[in-house]
Amino acid sequence: MSTSAHFPPLIAKSISGKTQVVALIGADTQNSLSPFIHNFLASKLGHDMVYTTFDVAPSNLQTAIDGAYALGIKGLNITAPHKGNALKGTSAVNLLKYTPQGYKGYNTDIYGIEKALVHCGGNGLESAVILGDGGASKAAVIALENMGCKNITILSRKMGNLHTLKGLKGCLFIQATSATPDVLLQIAPPNVLEGFDAIFDMNYPKQNPWLQAMDNLAIFNGIAMLVFQAVKGYEILWDVKVPQPLIDHLLEVLCE
């Protein structure tokens, strides 16, 4: 998704030795919209920071985190495949904030999912099925429970083709894996999901033939979730409250 048509370059000021750094670490991070969101907020709120991304292999995760802390990097967002592995003894951490005692872990996905579901009209959910059993799935379960959803089913991607599951239905089907749309068309084909009212893919690929194949179902991708969780992360890192008009503007531009 291109954002250049909507905004001029956001890094108009010079970067100095005082400029603080925040980064996203994960796999295949180059197409993430997180740098756009954080740098946009910094430009509007006057913070001397820059947000970028780093691809980090699972075998190098702890080395990368230790190195980032040694360099004084203000914060790290954690994405697949590292969620749940960023801090020992924690579950589904997706944000690390620098403190004198070490990085402190947070989860902003839970907040992002809740706000995205409300934004997309998902109040009053009675039942949901989640595909995936990793960090994103754990966050989705907590978010749904916070919203009062009591009937939640978790399906592991390892189960393979969901044609084998009979009577799969519910208010909402959440896709919480890193599977590509082409893979999803194989393991969770549209005809199996006809019993659902809505489909929520937590990813946001530029082209999503899997969602587009869902006839007569309400569909939405993970962009609204990304905006809300990014805003919450920004607030945690900089101890500020992001004004609602900026949030509305991001939603309008990125979710169109």
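This text goes with the structure placed above it.
The model shown is predicted, which means the values in this text are computed figures rather than measured ones. (Residues numbered from 1 in each chain as written. Predicted model: local features only at pLDDT ≥ 70, side-chain atom pairs only at ≥ 80, totals over all residues. Heavy atoms only, no water.)

Enquirer: Outline the overall build of the protein chain, supporting the account with residue identities and numerical values.
Expert: Assigned secondary structure in the protein chain consists of 8 helices and 10 strands. Relative to its 256 residues, the protein chain shows a buried fraction of 49%. Pairs at least 24 apart in sequence give 68% of the contacts found in the protein chain among residues at least 6 apart. Just so you have it, the protein chain exposes about 12400 Å², and 52% of that area is on carbon and sulfur atoms. (Helix = DSSP H or I, 4+ residues; strand = E, 2+ residues; numbered from the N terminus. Buried < 20%, exposed > 50% of the residue type's maximum accessible area, 1.4 Å probe, protein only. Contact = heavy atoms within 4.5 Å. Areas by Shrake-Rupley, 256 points an atom, 1.4 Å probe, with all protein chains shown as cover.)

Enquirer: Tell me what's going on with the nonpolar core, and back it up with residues and numbers.
Expert: Soluble globular proteins tend to bury their nonpolar side chains together. Membership of the largest hydrophobic core comes to 52 residues, with the highest contact counts inside it found for Ile37, Leu41, Ile113, Leu172, Ile174, Phe200 and Leu254. Formed by 17 residues, the second largest nonpolar core is a distinct cluster that contains Leu184, Ile187, Phe196 and Leu217. (Core = buried A, V, L, I, M, F, W, Y, C linked by side-chain atoms within 4.5 Å.)

Enquirer: Tell me about the pattern of salt bridges, residues and numbers included.
Expert: Applying the stated criterion to the full structure yields 3 salt bridges. The shortest N-O distance in the salt bridge between Lys97 and Asp239 comes to 3.2 Å. Within this pair, whereas Lys97 is found in strand S4 (residues 95-97), its partner Asp239 is found in the loop between helix H7 (223-238) and helix H8 (244-254), the two being separated by 142 residues in sequence. A salt bridge links Glu235 to Lys241; its shortest N-O distance comes to 3.9 Å. Its relative accessible area of 9% is what places Glu235 among the buried residues. (Salt bridge = Lys/Arg side-chain N within 4 Å of Asp/Glu carboxyl O.)

Enquirer: Which residues make up the sheet that holds strand S2 (residues 49-55), and what values go with them?
Expert: Ordered in space as S2-S1-S3-S4-S5, the 5 strands form an open sheet in which the pairing is mixed. Each end of this open sheet is capped by a strand with a single partner; those strands are S2 and strand S5 (104-106). Averaged over all neighbouring strand pairs, the angle between strand axes comes to 20°, with direction disregarded. Strand direction decides the pairing type here: strand S1 (residues 20-26) and S2, joined by 7 bridges, are parallel. Among the inter-strand pairings, Gly26 is bridged to a residue of S2, identified as Asp55. H7 contacts S1, S2, strand S3 (75-78), S4 and S5 of the sheet and is inclined by roughly 15° relative to S4. (Pairing = 2+ DSSP bridges. Axes fitted to C-alpha atoms, helices over the stretch in contact; angles between N-to-C directions.)

Enquirer: Outline the packing of helix H3 (residues 109-119) against helix H4 (residues 135-146), supporting the account with residue identities and numerical values.
Expert: Close contact between H3 and H4 brings their axes to 8 Å; oriented N to C, the two are set at 55°. Of the possible angle classes, the one that applies to H3 and H4 is oblique. For the element pair H3 and H4, the recorded crossing hand is right-handed. Residues Asp109, Ile110, Ile113, Glu114 and Leu117 of H3 form the contact with H4, whose participating residues are Ala136, Ala139, Ala140, Ile142, Ala143, Leu144 and Asn146. (Parallel < 35°, antiparallel > 145°, perpendicular 65-115°, else oblique. Left-handed = near helix turned anticlockwise from the far one by under 90°.)

Enquirer: Explain the environment of Ser34 residue by residue, including any values.
Expert: Along the chain, the position of Ser34 falls in helix H1 (residues 34-45). Ser34 sits 193 residues away from Val227 along the chain, and the two C-alpha atoms are 8.2 Å apart. With sequence-adjacent residues up to four places away left out, Ser34 is seen in contact with Tyr51 and Leu226.

Enquirer: With reference to specific residues and values, describe unusual backbone geometry.
Expert: A positive phi is found at Asp28, a non-glycine position, where the angle reads about 55°. With respect to the helices and strands, Asp28 occurs in the loop between S1 and H1. Positive phi, close to 60°, is recorded for Asn216, a residue that is not glycine. Note on placement: Asn216 falls in the loop between helix H6 (209-212) and strand S10 (218-220).

Enquirer: Talk me through H3; I want residue IDs and the actual numbers.
Expert: Here H3 has its buried residues at Asp109, Ile110, Gly112, Ile113, Ala116 and Leu117. Relative to the axis of H3, the buried residues are bounded by an arc of 165° and lie together on one face. Contacts from the buried residues of H3 go to H4, strand S8 (169-175), strand S9 (195-201), S10 and H7. Backbone geometry just after H3 places Gly121 at a positive phi near 85°. (Arc of directions from axis to C-beta.)

All quantities given are derived from atomic positions and should not be read as evidence of function.
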